[in-house]
Amino acid sequence: MTFSDEVRLALLAEGDRLARRLTQTLQVSAQDPPRLTLLGRSLALNLMGALLPTLEQVARRSGTPLRAEVTLDRLGQPQLQTWWPGDRPGQSLPVADLLDRLLLTQAGQWHPPVREALQGALGGSEHAAERALVSCLRSPPVLRGMEAAMRLLLRPPG
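The rules behind these values
- Residues numbered from 1 in each chain as written.
- Predicted model: local features only at pLDDT ≥ 70, side-chain atom pairs only at ≥ 80, totals over all residues.
- Heavy atoms only, no water.
- Helix = DSSP H or I, 4+ residues; strand = E, 2+ residues; numbered from the N terminus.
- Core = buried A, V, L, I, M, F, W, Y, C linked by side-chain atoms within 4.5 Å.
- Buried < 20%, exposed > 50% of the residue type's maximum accessible area, 1.4 Å probe, protein only.
- Contact = heavy atoms within 4.5 Å.
- Polar contact = N/O pair within 3.5 Å; in protein donor to acceptor, adjacent residues only side chain to side chain.

Focus on unusual backbone geometry
- Phi at D87 takes a positive value of approximately 55 degrees, unusual for a residue other than glycine.
- Along the chain, D87 falls in the loop between β2 (78-84) and β3 (88-94).

Brief notes about the nonpolar core
- Counting residues in hydrophobic clusters, the biggest one holds 48 residues, and the most contacted among them are L47, M48, L80, L103 and L118.
- Elements that contribute at least two residues to this core include exactly α1 (5-25), α2 (33-61), β1 (67-72), β2, α3 (95-103), α4 (112-122), α5 (126-137) and α6 (140-153).
- Not counting residues up to four positions away in its chain, the partners in contact with L103 are L18, L43, L47, Q109, W110, H111, V114, C136 and V142.

Points about the environment of E69
- Considering the arrangement of structural elements, one finds E69 in strand β1.
- Relative accessible area serves as the criterion here: at 31%, E69 is assigned to the partly exposed category.
- With 20 residues separating them in the primary sequence, E69 and G49 have C-alpha atoms 9.5 Å apart.
- Each residue touching E69, except ones within four places of it in the same chain, is listed here: L52, Q79, L80, Q81 and W83.
- Of the polar contacts made by the side chain of E69, one reaches the side chain of R67; its length is 2.9 Å.

Okay, structure coming up:
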C-alpha cells in the first residue's frame, strides 16, 4: 500500500508515538531506541497498509463496494476514511484511536501477546525482529481488533 508523502509522514509520527509508549513499557537498553522507533513506525505503516485493502475486499465480497484511504483531518492528524458508491462519505476513524484499539487493552496497557512479541523484537537479529513483528501483527487481540474496526467502518452512512 502506498500513501501520499503527507499521509506517510503523519503515519510515521503515529509510529513515533507508539515507540515512545513502548519505551515506557518494555525493558529497554541504551541501544534500543532506534529499534523501538523502527518497530513503532512499522506497526503504524503495516497495520494501516493491511487494513485498507482488507476492508475494501470484505466490502466487495459483501456486495457493497466502498473505498477506504488514510487522509488527514483538519489538524493534520491521519484518519481512516471510507466512501460509499457515489462518493458518499462513510465512517472515519482517527488512526491513533485505531492503533490503540488494535494494540492496547481497554485499560490502556499493551495486549500481553503484543508486548511479548515486541519485547522479543528488541533482542536478537533483524530477522528475529521481523518475525516478532509479524507475530505481533498476527496475534489474536490485533486480529480481533481489526475485525471490530472493519465492522465499524463497514456500517453504511446514516
